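Topology and contacts: notes
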Amino acid sequence: MSAAGFELCFPAVTEFQGRVDSAIGLVKAGSIAEAASETERALEIARSAGADTAVLGCTELSVVAASLNPTNGLVVIDSNAALARACLTRLGFAAQDVPRPRPVFSSRKELERFGGSIQH
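Residues numbered from 1 in each chain as written. Predicted model: local features only at pLDDT ≥ 70, side-chain atom pairs only at ≥ 80, totals over all residues. Heavy atoms only, no water.

**So, the environment of alanine 51**
Convention followed: Put simply, DSSP H or I for four residues or longer makes a helix, DSSP E for two residues or longer makes a strand, and each gets a number counted from the N terminus. Here the term buried applies to any residue with accessible area under 20% of the maximum for its type, exposed to any over 50%, and partly exposed to those in between, with areas from a 1.4 Å probe on protein chains only. Contact criterion: two residues are considered in contact whenever any of their non-hydrogen atoms come within 4.5 Å of each other.
Here alanine 51 shows up in the loop between helix H2 (32-48) and strand S1 (53-56). Accessibility expressed as a relative area gives 12% for alanine 51, which makes it buried. In the structure, alanine 51 is positioned 43 residues away from leucine 8 in sequence and 8.0 Å away in space, judged by C-alpha atoms. Among residues more than four places away in sequence, those in contact with alanine 51 are Cys9, Ala46 and Leu74.

**A closer look at the packing of helix H1 (residues 14-28) against H2**
Angle between the axes and distance between the axes are the two parameters that describe a pair of packed helices. The following threshold applies: Axis lines are fitted through C-alpha atoms, for helices just across the contact stretch, and the angle between N-to-C directions can take any value from 0 to 180 degrees. Angles below 35 degrees are treated as roughly parallel, those above 145 as roughly antiparallel, those between 65 and 115 as roughly perpendicular, and all remaining angles as oblique. Handedness of a crossing is defined here by the sense of rotation of the near helix relative to the far one, left-handed for an anticlockwise turn of less than a right angle and right-handed for a clockwise turn.
The contact between H1 and H2 brings their axes to 8 Å, and the two run at 160°. When the interaxial angle is binned, H1 and H2 end up roughly antiparallel. Where H1 crosses over H2, the handedness of that crossing is left-handed. For the pair H1 and H2, the contacting residues are Glu15, Phe16, Arg19, Val20, Ser22, Ala23, Leu26 and Val27 in the first and Ile32, Glu34, Ala35, Glu38, Thr39, Arg41, Ala42, Ile45 and Ala46 in the second.

**A look at H2**
Just so we agree on the cut-off: The length a helix should cover is 1.5 Å for every residue beyond the first.
A rise of 1.5 Å per residue sets the reference length of H2, with its 17 residues, at 24 Å; its end C-alpha atoms lie 24 Å apart and thus fit the reference within 8%. Among all positions of H2, only Ala35, Ala36, Glu38, Thr39, Ala42, Leu43, Ile45 and Ala46 are buried. The elements touched by buried residues of H2 are H1, S1, helix H3 (59-64) and strand S2 (75-78). Looking one or two residues past H2, glycine 50 carries a phi angle of roughly 110°, positive in sign.

**Thoughts on a nonpolar patch on the surface**
Definition in use: Nonpolar side chains (Val, Leu, Ile, Met, Phe, Trp, Tyr) are joined into patches within 5 Å and like charges within 9 Å, using only residues with over 30% relative accessible area and no salt bridge. Per-residue accessibility takes into account occlusion by the displayed protein chains alone, with areas from the Shrake-Rupley method and a 1.4 Å probe. Salt bridge criterion: a side-chain nitrogen from Lys or Arg within 4 Å of a carboxyl oxygen from Asp or Glu.
On the surface, Met1, Phe6, Leu8, Phe10 and Val55 cluster together to form a nonpolar patch covering roughly 550 Å² of accessible area. Here valine 55 lies in strand S1.

**Some remarks on the pairing of S1**
Quick note on the threshold: A pair of strands counts as paired when DSSP detects no fewer than two bridges linking them. Orienting the strands away from the viewer, one traces the path from the first strand over the helix to the second; a clockwise path indicates a right-handed crossover.
Every second residue of S1 is oriented toward a common face, the buried set being Ala54 and Leu56 and the non-buried set Thr53 and Val55. Alignment of S1 against S2, held across four bridges, turns out to be parallel. Bridging from a neighbouring strand, valine 55 pairs with isoleucine 77 of S2. For the segment spanning S1, H3 and S2, crossover handedness is right-handed.

Everything listed here is a matter of coordinates, which is why it stays silent on function.
Spelled out as structure tokens, the structure:
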């Protein structure tokens, strides 16, 4: 990520990792709503630490990605959905043929930053 020009932000608050670990455990236990709440709390800690984008880089967190509420300006990227979309595009499917997951963007500017657009 650094080599691609992104500045990394890792929250120093121990509660952040505890919330992430809790969310992962809750997904494994089948408690998706509770896992989404824990993930939202972790994302709020990340945002408070200065992050403007969060990557859900764990397969369990991808399970809750579509359930997340807006995150007060924090852009949330589901890495599994992004990988699947890139694979389908690489296989020759046009971008408009590949369904997009529900984005969690707080503004048009943030969405466009990641190559998306708003269609009405």
